[in-house]
Amino acid sequence: MSETPSNTKKLYIKTYGCQMNVYDSERMAEALGGSGYTEVSSPEEADMILLNTCHIREKAAEKVYSELGRYKDLKIANPDLKIGVAGCVAQAEGEEIMRRQPMVDLVVGPQSYHRLPELEAKAGHGQKALDTDFPEEDKFEKLKSRPKAKRAPAAFLTVQEGCDKFCAFCVVPYTRGAEVSRPVDRILTEARDLVERGVREITLLGQNVNAYHGAGEGGTWGLARLIRELAKVDGLERIRFTTSHPNDMEDDLIAAHGDCEKLMPYLHLPVQSGSDKILKAMNRKHTAEEYLRLIERIRAARPDIAMSGDFIVGFPGETDQDFEDTMSLVREVGYGSAFSFKYSPRPGTPAAEKGDKMVDPDVASERLHRLQSLITEQQHAFQDAMVGREVSVLFERKGRLPGQMVGKSEYLHAVHVTDDVAVGDIQRVRIIESGPNSLGGVLLR
Ligand code: 5AD
Ligand code: SF4
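What you see is a predicted model, and the numbers here were worked out from it, not measured in a lab. (Residues numbered from 1 in each chain as written. Chains lettered and ligands numbered in written order. Predicted model: local features only at pLDDT ≥ 70, side-chain atom pairs only at ≥ 80, totals over all residues. Heavy atoms only, no water.)

## Considering the pattern of salt bridges
Once the charged atoms of two side chains with opposite charge are near each other, the side chains can pair.
So, step 1. Here the structure, examined in full by the defined rule, presents 42 salt bridges.
So, step 2. Where Glu96 meets Arg99, a salt bridge forms, and the shortest distance between an N and an O atom there is 3.1 Å. Remark: Arg99 and Glu96 occur in helix α5 (residues 95-100); sequence separation between them is three residues, near one turn of the helix.
So, step 3. Where Glu318 meets Arg367, a salt bridge forms, and the shortest distance between an N and an O atom there is 2.8 Å. Highlighted residues: Glu318 in the loop between β15 (306-313) and α14 (320-333) and Arg367 in helix α16 (residues 361-384), separated in sequence by 49 residues.
So, step 4. Assessed through its relative accessible area of 5%, Glu318 is described here as buried.
So, step 5. What you see here is one network of salt bridges that share partners, running through Glu26, Arg27, Glu30, Arg146, Arg151, Arg182 and Glu190. (Salt bridge = Lys/Arg side-chain N within 4 Å of Asp/Glu carboxyl O. Helix = DSSP H or I, 4+ residues; strand = E, 2+ residues; numbered from the N terminus. Buried < 20%, exposed > 50% of the residue type's maximum accessible area, 1.4 Å probe, protein only.)

In structure tokens form, the structure reads like this:
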């Protein structure tokens, strides 16, 4: 029997932004697998191109339009090519995308991508399909069960979506909607399934993951209880979660960092600024001091924990002194890693609507540069301090050099060895060198 054309369609997905988009892209590819698509790695060979987009800063959103511009010739050469935009730009800009780039056939928001197969069938040859609803139904329930292929040893698992915090600068509450947590049993089933297929580390994802409150046996479970239950899954060796708001770091979650062995000693806990005045203007609902005391408590539970964070510089009204307060906070915390961004006004957010007191762009750039230098210094110091220490490494892939294998330590450092190990092995490694982006080690047997 000859193969039907529907079995030969090729899908190219390009993912922007956070890990939640990485997870969503996997699920979208799986959903379109049911329509006969298999993934390819270049747009030139594709029958369908799907951009999974990010709206968090203006630069991220604009990238989408320049990328779409690059596909014009492909669309002219192949009128059957379908082009779709998914993710947060799709949610925020909807029909505007099709107006700006008429070659886009399909727009789908982050809450409705379970409907992709229907939308794909409808779209193309001048027919447009758009769905940016926040539907009643749970998209994870509607999505097909995940294919049984062998998986890489580390995987993402979305447990929570949306955010109710409404930080004044942030589009997430608008693009991803209100906080919703997946039920405990669904998460456990997905986790067991991942483990059966070779996964040994799971990172639990949510825009505000530590606000997780999912339906479980006997009522609503918090994140700590979910983690403790996941820790009982045989074969699952490592658990992480990201990203968290300081005000949702409840006592049992802090305690889990001390007593749950499978929970890795790395915590991404953004503070955004070290100035109370700016924190208030950002609607963060905590002070710098409260954040520092929280970190003390987390470190009391797990002294070796590597802290990570996010910072925004040049938020409207930020003075030199406010920025110096951020620098002091960073010095006091001592981050293992951190991310910093120049404030980008986002349409529809309270900070952008006020439109006042924008910091001079050159001043903001200079501050960003100084903050990034300090963070890089801390990152290197933390990495260098690993030399001579024993860490545990989950090996994930071959390295660039012959015989080299690369994995991640519990602190999320990339570690390479030239010993005989297999993908998926977890081994004790002594660190012998610290390079610009990774550590070198030898196996302890
Ligand atoms: N401008 C700059 N950075 C932002 N972030 C969120 N919104 C904005 C914005 N409007 C940053 C925050 C957040 C991270 C994911 O992106 O630091 O924690
Ligand atoms: Fe955005 Fe995070 Fe604030 Fe929610 S907690 S509004 S996702 S920055």
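Let us keep going from here.
## Quick word on the UniProt feature "domain: TRAM" (unreviewed entry) in the chain
So, step 1. Taking the UniProt record as the reference, the feature "domain: TRAM" (unreviewed entry) is found at residues 384-445.
So, step 2. Structurally, residues 384-445 comprises 2% helix and 52% strand, and the distance from its first C-alpha atom to its last is 23 Å. (UniProt positions renumbered as here; feature names shortened; annotations may be inferred.)

## Focus on the site of ligand 1
So, step 1. As a structural note, the neighbourhood of ligand 1 is formed by Ile56, Arg57, Phe169, Gln272, Asp310, Ile312, Phe341, Lys342, Tyr343, Ser344 and Arg346.
So, step 2. The backbone of Phe169 places a nitrogen or oxygen atom 3.0 Å from a nitrogen atom of ligand 1. (Near = heavy atom within 4 Å. Polar contact = N/O pair within 3.5 Å; in protein donor to acceptor, adjacent residues only side chain to side chain.)

## Points about the site of ligand 2
So, step 1. Every residue lining ligand 2 is accounted for by Cys163, Lys165, Phe166, Cys167, Phe169, Cys170, Val172, Pro173, His245 and Arg284.
So, step 2. Split into classes, the residues belonging to the shell around ligand 2 amount to seven nonpolar, one polar and two charged. (Nonpolar A, V, L, I, M, F, W, Y, C, P; charged D, E, K, R; others polar.)

## Comments concerning the environment of Thr15
So, step 1. Relative to the elements of secondary structure, Thr15 occurs in strand β1 (residues 9-15).
So, step 2. For Thr15, a relative accessible area of 33% translates into the label partly exposed.
So, step 3. Taking the C-alpha atoms as reference points, Thr15 and Ala86, separated by 71 residues in sequence, lie 9.4 Å from one another.
So, step 4. Excluding residues that lie within four positions of it along the chain, Thr15 makes contacts with Asn21, Val22, Ser25 and Asn52. (Contact = heavy atoms within 4.5 Å.)

## Points about the packing of α14 against α16
So, step 1. Where α14 contacts α16, the axes come no closer than 10 Å and their chain directions differ by 5°. Taken together, the axes of α14 and α16 are roughly parallel relative to one another. On α16, the residues touching Asp320, Phe323, Glu324, Thr326, Met327, Val330 and Arg331 of α14 are Arg367, Arg370, Leu371, Leu374, Ile375 and Gln378.
So, step 2. Here the contact of α14 with α16 is composed, by residue class, of six nonpolar, two polar and five charged. (Axes fitted to C-alpha atoms, helices over the stretch in contact; angles between N-to-C directions. Parallel < 35°, antiparallel > 145°, perpendicular 65-115°, else oblique.)

## Focus: the pairing of strand β3 (residues 48-53)
So, step 1. A large share of β3 lies buried, amounting to six of its six residues.
So, step 2. Going residue by residue along β3, you find Met48, Leu50 and Asn52 tucked away on one face and Ile49, Leu51 and Thr53 tucked away on the opposite face as well.
So, step 3. The pairing of β1 with β3 spans five bridges and is classified as parallel. Within β3, the residue paired with Tyr12 across the bridge is Ile49.
So, step 4. With five bridges connecting them, β3 and strand β4 (residues 82-86) associate as parallel partners. (Pairing = 2+ DSSP bridges.)

## Examining the nonpolar core
So, step 1. Core analysis: the largest hydrophobic core is formed by 56 residues, its most contacted members being Leu204 and Tyr335.
So, step 2. Of the domains in this structure, domain 2 (148-264) and domain 3 (298-385) are the two that each give at least three residues to this core.
So, step 3. Residues contacting Tyr335, with those up to four places away along its chain left out, are Val271, Tyr291, Met307, Ser308, Gly309, Phe311, Leu329, Val330, Gln378 and Gln379.
So, step 4. Grouped together as the second largest cluster of nonpolar side chains are 23 residues, Ala60, Tyr65, Leu68 and Leu81 included. (Core = buried A, V, L, I, M, F, W, Y, C linked by side-chain atoms within 4.5 Å. Domains from an automatic or database assignment.)

## Concerning the side chain of Arg182
So, step 1. Topologically, Arg182 is positioned in the loop between β9 (180-181) and α9 (184-196).
So, step 2. When its relative accessible area of 8% is taken as the criterion, Arg182 is described as buried.
So, step 3. Within polar-contact distance, the side chain of Arg182 engages the side chain of Glu190 at 2.9 Å.
So, step 4. Residues contacting Arg182, with those up to four places away along its chain left out, are Tyr23, Phe140, Leu157, Thr158, Val159, Ile187, Glu190, Tyr212 and Gly214.

## What to know about the sheet that holds strand β2 (residues 37-39)
So, step 1. Overall, parallel pairing links the six strands, which are arranged β2-β1-β3-β4-β5-β6 in an open sheet. Looking at the sheet topology across the chains shown, the edges are occupied by β2 and β6 (129-131). Ignoring strand direction, the axes of neighbouring strands in this sheet form an average angle of 20°.
So, step 2. Here helix α2 (residues 58-70) sits on the sheet and contacts β1, β3 and β4; the angle it forms with β3, its principal contact strand, is near 165°.

## Let's talk about the side chain of Asn210
So, step 1. Inspection of the secondary structure puts Asn210 in the loop between β10 (201-205) and β11 (213-216).
So, step 2. Residue classification places Asn210 among the buried positions, given a relative accessible area of 4%.
So, step 3. There is a polar contact of 2.9 Å between the side chain of Asn210 and the backbone oxygen of His245.
So, step 4. A distance of 3.3 Å separates a polar atom in the side chain of Asn210 from the backbone oxygen of Asp248.
So, step 5. Leave out the neighbours within four places in its chain, and Asn210 touches Leu223, Thr243, Ser244, His245, Asp248, Met249 and Leu253.

## So, the UniProt feature "domain: MTTase N-terminal" (unreviewed entry) in the chain
So, step 1. With numbering aligned to this structure, UniProt lists the feature "domain: MTTase N-terminal" (unreviewed entry) at residues 9-125.
So, step 2. Taken end to end, residues 9-125 is 46% helix and 21% strand, and its two terminal C-alpha atoms sit 16 Å from one another.

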